[in-house]
Amino acid sequence: MSTLIVISILAIVVLYLGLFKAKQALLPISVLGLVAALALAIMEWNSNAAPIFSGMMHFDNFAVAFSSICIITTILVFLLSKNYFEKISDNVAEYYTLILFALSGIIVMVSYHNLSMLFVGLEIMSVSLYILAGIKRKDFASNEAALKYFLMGAFSTGFLLFGIALIYGASKSFDLAVIAQYVIDRPTGIDPIFYVGLVLMIVGLCFKVGAAPFHFWTPDVYEGAPTLITAFMSTVVKIAGFAAFLRLFSICFAPLQDFWMPTLLVITILTLFVGNITALYQTNFKRMLAFSSISHAGYMLFAIVALGAASTNAIFIYAAAYAVSSITAFAVLMLVKAKTGSENFEDFNGLAKSNPFLAFALTVAMLSFAGIPLTAGFIGKFFVFNAALAQYHTWLVAIAVVNAIIGVFYYFKVIVAMYFKDNQTKQIATPAYFNFVLGVSLIITLVLGIYPSFITNLF
Amino acid sequence: MVEQIVFYVFAAIAILSGVYVVASQNLVRSVFMFFVTLLSVAGLYVFALADFVALTQIVIYVGGVLVMLLFVFMLSSKDSLDNIVNLKKEALSANRIPATIITIALLVILIYAILLADFEQLDWIKSNKLLIEKAQTSNVHNIGVNIMGRFLLPFELISILLMMTLVGAAHLARKEPNND
Amino acid sequence: MSAPVDYLPIIMQLLVALGFVALTMGITHLIGPKRKTTDVKLTAFESGIEVIGNARQPFSIKYFVVAILFVLFDVEVIFMYPWAVNFREFGLNGLIEMFIFMGTLLLGFIYVIKKKALEWD
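Residues numbered from 1 in each chain as written. Chains lettered and ligands numbered in written order. Predicted model: local features only at pLDDT ≥ 70, side-chain atom pairs only at ≥ 80, totals over all residues.

Asker: In this structure, what is going on with the overall build of chain B? I would like to understand it.
Answerer: Helix and strand counts for chain B stand at 8 helices and 0 strands. Its helices and strands taken in sequence order, chain B reads α-α-α-α-α-α-α-α from the N to the C terminus. Among the 180 residues that make up chain B, the fraction classed as buried is 23%. Taking the intrachain contacts of chain B between residues at least 6 apart in sequence as the baseline, contacts between residues at least 24 apart amount to 50%. (Helix = DSSP H or I, 4+ residues; strand = E, 2+ residues; numbered from the N terminus. Buried ≥ 20, exposed ≤ 12 C-beta atoms within 10 Å, placed from the backbone. Contact = placed C-beta atoms within 7 Å.)

Asker: How do you make sense of the overall build of chain A when you look at a structure like this?
Answerer: Each helix and strand counted, chain A has 20 helices and 0 strands in total. For 459 residues, the compact-globule formula gives about 23 Å, and the C-alpha radius of gyration of chain A, at 21 Å, lands near that figure. Dimensions along the principal axes, computed over C-alpha positions, put chain A at roughly 70 × 55 × 40 Å. The buried share of chain A, taken over its 459 residues, is 60%. (Rg over C-alpha atoms; globule rule 2.2 N^0.38 Å.)

Asker: How should I be thinking about helix 3 (residues 61–80) of chain A in this particular structure?
Answerer: Given 3.6 residues per turn, any residue in an α-helix points the same way as the ones three and four places further on. Between its first and last C-alpha atoms helix 3 of chain A spans 29 Å; for 20 residues at 1.5 Å apiece the expected length is 28 Å, and the two agree. Counting buried positions along helix 3 of chain A yields 18 of 20 residues, so the element is predominantly enclosed. (Expected span 1.5 Å × (residues − 1).)

Asker: Please clarify how the nonpolar core should be interpreted in this entry.
Answerer: Among soluble globular proteins, nonpolar side chains are generally buried collectively. Core analysis: the largest hydrophobic core is formed by 219 residues, its most contacted members being A:Met109, A:Ala240, A:Tyr318 and A:Ala319. Of all the elements, helix 14 (residues 311–340) of chain A adds the most residues to this core, at 20 residues. If we ignore the near neighbours within four places in the chain, the residues touching A:Ala319 are A:Ile69, A:Ile239, A:Phe242 and A:Met300. If you look at the next biggest cluster of nonpolar residues, it comprises 9 residues, including B:Phe34, B:Tyr45, B:Val46 and B:Ala54. (Core = buried A, V, L, I, M, F, W, Y, C linked by C-beta atoms within 7 Å.)

Asker: What is the right way to read unusual backbone geometry from this model?
Answerer: Excluding glycine, residues mostly carry a negative phi; peptide bonds, for their part, are mostly trans. Residues and elements named next belong to chain A. Ala 212 connects to Pro 213 through a cis peptide bond whose omega is -5°. Note that Pro 213 resides in the loop between helix 9 (192–209) and helix 10 (217–224). Phi at Lys 172 is positive, roughly 60°, even though this residue is not glycine. Looking at where Lys 172 falls in the secondary structure, it is placed in the loop between helix 7 (140–171) and helix 8 (176–185). Exposure remark for Lys 172: the 17 C-beta atoms within 10 Å place this residue in the partly exposed category.

Asker: Would you take a moment to explain the interface of chain C and chain B for this structure?
Answerer: Many authors give the size of an interface as the accessible area that is lost as the parts come together. Of the residues lining the interface, 41 residues belong to chain C; the matching set on chain B comes to 42 residues. Elements represented by at least two residues in the side of chain C that touches chain B include exactly helix 3 (62–85) and helix 4 (87–114) of chain C. Looking at the side of chain C that touches chain B, its residues break down into 28 nonpolar, 7 polar and 6 charged. (Nonpolar A, V, L, I, M, F, W, Y, C, P; charged D, E, K, R; others polar.)

Asker: So what exactly am I meant to see when it comes to the environment of A:Ile42 here?
Answerer: Residue and element names in this part refer to chain A. Tracing the chain through its elements places Ile 42 in helix 2 (residues 23–43). As a C-alpha pair, Ile 42 and Ser 67 span 25 residues in sequence and 8.9 Å in three-dimensional space. Once residues lying within four places of it in the same chain are set aside, the contact partners of Ile 42 are Val 64 and Ser 68.

Asker: Would you take a moment to explain the packing of helix 8 (residues 152–173) of chain B against helix 4 of chain C for this structure?
Answerer: A pair of packed helices can be characterised by two numbers: the angle between their axes and the separation between those axes. Across the interface, helix 8 of chain B lies against helix 4 of chain C with an axial gap of 9 Å and an inter-helix angle of 5°. For the element pair helix 8 of chain B / helix 4 of chain C, the angle class is roughly parallel. Note on element contacts: helix 4 of chain C touches helix 8 of chain B through C:Glu97, C:Ile100, C:Phe101, C:Thr104, C:Leu105, C:Leu107, C:Gly108, C:Tyr111 and C:Val112, opposite B:Leu152, B:Phe155, B:Glu156, B:Ser159, B:Ile160, B:Leu162, B:Met163, B:Leu166, B:Val167 and B:Ala170. (Axes fitted to C-alpha atoms, helices over the stretch in contact; angles between N-to-C directions. Parallel < 35°, antiparallel > 145°, perpendicular 65-115°, else oblique.)

Asker: What is the right way to read the interface of chain A and chain B from this model?
Answerer: With 32 residues of chain A at the interface, the matching set in chain B holds 23 residues. Mapped by element, the contributors of at least two residues to the side of chain A that touches chain B are helix 1 (2–19), helix 5 (92–111), helix 6 (115–133), helix 7 and helix 9 of chain A. Residue composition of the side of chain A that touches chain B, by class: 19 nonpolar, 8 polar and 5 charged.

Asker: How should I be thinking about the packing of helix 3 of chain C against helix 4 of chain C in this particular structure?
Answerer: All names here are of chain C. Contact geometry for helix 3 and helix 4: axes closest at 10 Å, N-to-C directions at 170°. Here helix 3 lies roughly antiparallel to helix 4, going by the angle between them. Contacts between helix 3 and helix 4 involve Leu 69, Glu 76, Phe 79, Trp 83 and Ala 84 from the former and Phe 87, Gly 94, Met 98, Phe 101, Leu 105 and Val 112 from the latter. In terms of residue class, the contact of helix 3 with helix 4 is built from 9 nonpolar, 1 polar and 1 charged.

Asker: Got a minute to help me understand the environment of B:Val140 in this structure?
Answerer: All names here are of chain B. Of note, Val 140 is situated in helix 7 (residues 139–148). For Val 140, a count of 18 C-beta atoms within 10 Å corresponds to the partly exposed category. In the structure, Val 140 is positioned 88 residues away from Phe 52 in sequence and 6.0 Å away in space, judged by C-alpha atoms.

Asker: What am I meant to see in the confidence of the model for chain B here?
Answerer: Interpretation of this model should avoid reading the predicted coordinates in detail wherever pLDDT is low. When pLDDT is averaged along chain B, the result is 80, and 82% of the positions lie at 70 or above. Across chain B, helix 1 (residues 2–23) of chain B holds the top mean pLDDT of 90, while helix 4 (residues 78–87) of chain B sits lowest at 63. (pLDDT = per-residue confidence, 0-100.)

Asker: In this structure, what is going on with the environment of A:Met201? I would like to understand it.
Answerer: Residue and element names in this part refer to chain A. Looking at the secondary structure, you find Met 201 in helix 9. According to the C-beta neighbour criterion, Met 201 is buried, with 26 such atoms within 10 Å. Sequence-wise, Met 201 and Ile 164 are 37 residues apart; in three dimensions their C-alpha atoms are separated by 6.9 Å. Every residue in contact with Met 201, bar those within four places of it in the chain, is listed here: Leu 160, Gly 163 and Ile 164.

So, in structure tokens, the structure goes:
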């Protein structure tokens, strides 16, 4: 709770700092505030047994873990933003403010205990993202991304709201505990509108996390939005979406697994194949990352399909690994783009010679994406597959492994470009902030990959 | 009996005007027809005993959102609107297939729900039916008590949402200092 | 508790208003004099000069800021209504809760003014 308050107030403070021309203070204060929020969140570990505010919010360990990972990723994104927004416009404070507001919505999304909170949190997050996607006001692609995202987002919110309404209609409550009780009390004879509401909620949430067949907006929006915002969207926002998804299903709908499992199963398999196969054909690195984020959504959906005691842990580890690797990939992309002006694979040619550290960091990130052992991504995939195997979804795991192999192809494309293709590029200057972020991500990726026991037994 | 007739009249107006809004080639006419849709839906809310929602519908949608829509249509250049009209000549182009599929799927799901659901048999509706004669407090009063009590946290969060929208709108729609 | 019946006067009023419009329009159409018009006569009179272009030029985006702000404050006012109805019952707590809500929005509004988004030139 205090985390939410700190982040909300921080957003307003940053906004007013921008108003009073304290531009130099924006970044330090945002980061310091987030560190404070992070500390407050971690202090609440194991300390909240019951929902607060008449059952609106429950800052349990699940919420603490996912808030922390979202806050840490946001800090990394902020560190990359040094001198980034200044190029777009003079009004830098608004961008920090909007990201912070989005983060406060995300905190609500990972800690809600009432569907009305889920809705409000989701809206706070989405609306600020619609604006953030369009902050390059004179850039056609950015405008297109914002509009597309807005229309799709509004549409999916409609589905979600319809679902919430129908579930309320059946159970007469927004409260997760009451809905769960409603399901448990009726082994048979749950009202049909409850099932319909459940389906509509699945559709709405799948839209939000960008799972196939509701992924149409993802590539265009990710490509059109400014790279830093794309980094934020494909990490923090996606994690928050999955946290909300998982929270809803593990608290409320777990007993109905027989009903929704086939639906989600189809969605998962579609997502994996669509994401991976389309990513194979991309020449634009940013667009490839967009499709790879779809396929990673598929892997995370995996853990929800095989909902069980291990799911939370699996998604948490996967999300952590995915977030740090994505941040690395986007950071390198930003540097390369600033240098060459475009985002294609050829722009990475010869990077290993000119910038060995950048190339190494990106290589580790790609290996982690692909799930090669000794990286965090491998541990993430291992836990996700393990959760699925625990429920005897053997052939599902086989499909996922096939997809992981497809993934290796396009992740290696960039590695090959960096190490085995020559290009007379001059050295790219890496600002200290970037080095710090890349270093931190690299360390997290490797440490998690080699000693996963840090976070494997959190829950 | 009379109530039912009025209800069906409102429902029919809402559906027909809604179809016109979607099908009409003239955007300004669509917007004006949307007034009718929203007003008749407000009428339906009254029949659902949700007079506060009806009021909200009229104040926010009819009074605010629609006026803004009209602003947008009236104040933007006519040429760009004509282009939109020219665009949508083909009824079943490839662009529309996903939309069509989703719409039909939603329709099927909702019809399924309406056919199968037995609203009279829901527990809480049964128990509330007994209460409905006794209820004397007004709707607005109840909503106030709930917003200020149980739903206080979402209520305060909505202020965050509105403020953020304010900032975003002012930021996106403001004038660039030098050239725009 | 207000029943739908209570809204009958509004429907009546609506019908009367519609009927009045239809009636007066119909009657003026019937009893008024008829004129023959041509396309030339129906064009706008511009002192004898041919009309060029379209009157609907793109307007400045400033109007939209005002419109959006109006809608936002519209929403805010709706939230105040149920609070105002029970104002006494909520007492000091309700007042504080509402002031937090309004204070947040006020901060946003001050920002908009300070940012000169509402200035007209």
